[in-house]
Amino acid sequence: MGSETDNNGGPRHVAIIMDGNGRWAQARGRPRLFGHHAGARRVREIVEACPVSGVDYLTIFAFSTENWKRTQTEVAGLMGLFRRYITKEMQEFVRENVRVRFIGDRVRLDRKLIVLMDEAEELTKHCDGTNLTIALNYGGRDEVARATKRLAEDVAAGKLDPKDVDEETLPKYLDTCVLPDPDLVIRTSGEARISNFLLWQSAYAEYEFIDTLWPDFTSAEFKQLVASYGGRERRFGGVKS
Ligand code: FPP
């Protein structure tokens, strides 16, 4: 399978804010982490739905720069879940030809997790099927700030002339520099917010805010959202031709 799919005007890059794990667990009288585990199991189903939906890039918001404010138990539980998830799922992603990447600031993540993230990227770097990007300790403003710092360093080092800085320049410094911009951003669980996700990259994206809690989100619903996108017209600020 090649990385470019003809998807008849459907979204090539879908980004998802996976929200509602906590409420899903609470509704069952279970701890929040129970919901995160259920949410993690959903990820594979959606990744597997990408090739048949013509989606080449899937980017998922797993942990935000704001999520550190949660209880120590929940944060530690999530970090443990990410470590186990990467350890357990990577061989399967290789078999399914899924290329895995991570975006976000790694500095605050624990050493073991960073090693696993590096290994996963290395192990799947030859895969040319679905591009799965996992946002971990990611915040859109933080990403733009880090990018700006690197850009400023290049200016200070004489590698970049400020006169040449335009809107094509900054994206080269973003964590997403090798990815196309998302065409469709989905948020589950009924909240209509973008919560600092892919701020720069989503300037022209379509948004779908749906009520389903993430652990209940199925491939059927994903395919339906992808198909309904195909019927829309995007003008990128221009007029209808
Ligand atoms: C938001 O639900 C979800 C998160 C902060 C974590 C997302 C993580 C996963 C789906 C699990 C694992 C992902 C991978 C890649 C292994 P919430 O806790 O804010 O839910 P609530 O709004 O109902 O409280």
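Please refer to the structure higher up on the page.
Residues numbered from 1 in each chain as written. Predicted model: local features only at pLDDT ≥ 70, side-chain atom pairs only at ≥ 80, totals over all residues. Heavy atoms only, no water.

(A) Up close: the pattern of salt bridges. Throughout the structure, instances matching the rule amount to 22 salt bridges. For the salt bridge of R44 with E48, the shortest nitrogen-to-oxygen distance reads 3.3 Å. In this pair, R44 and E48 are both assigned in helix 2 (residues 32-53), four residues apart and thus about one turn of the helix distant. Classification of E48 as partly exposed rests on a relative accessible area of 40%. Its salt-bridge partner being R70, residue E74 comes within 2.8 Å of it at the nearest N-O pair. (Salt bridge = Lys/Arg side-chain N within 4 Å of Asp/Glu carboxyl O. Helix = DSSP H or I, 4+ residues; strand = E, 2+ residues; numbered from the N terminus. Buried < 20%, exposed > 50% of the residue type's maximum accessible area, 1.4 Å probe, protein only.)

(B) Quick look at the nonpolar core. One finds V14, I16, L58, L132, I186, F217 and F222 to be the most contacted residues of the largest nonpolar core, which totals 45 residues. Ranked by the residues each element gives to this core, the list is headed by helix 3 (residues 72-95), at nine residues. The contact partners of L132, leaving out residues within four places of it in the chain, are V47, L58, I60, F93, V98, R99, V100 and R101. A15, Y138, V185 and A205 belong to the second largest nonpolar core, which has ten residues in total. (Core = buried A, V, L, I, M, F, W, Y, C linked by side-chain atoms within 4.5 Å. Contact = heavy atoms within 4.5 Å.)

(C) Expanded view of the packing of helix 3 against helix 4 (residues 111-123). As a packed pair, helix 3 and helix 4 sit with axes 10 Å apart at the nearest point and diverge in direction by 15°. Put simply, helix 3 runs roughly parallel to helix 4. Note on packing geometry: the crossing formed by helix 3 with helix 4 is left-handed. In this structure, helix 3 contributes M79, F82, R83, I86, T87, M90, Q91 and V94 to the contact, and helix 4 contributes K112, L113, L116, M117, A120 and L123. (Axes fitted to C-alpha atoms, helices over the stretch in contact; angles between N-to-C directions. Parallel < 35°, antiparallel > 145°, perpendicular 65-115°, else oblique. Left-handed = near helix turned anticlockwise from the far one by under 90°.)

(D) Local environment of unusual backbone geometry. The phi angle at N137 is positive, at roughly 50°, despite the residue not being glycine. Inspection of the secondary structure puts N137 in strand 4 (residues 131-138). Residues other than glycine seldom take positive phi values, yet S195 does so here, at roughly 45°. Structurally, S195 is set in the loop between strand 5 (184-187) and strand 6 (206-209). On the accessibility criterion, S195 (30% relative accessible area) is partly exposed.

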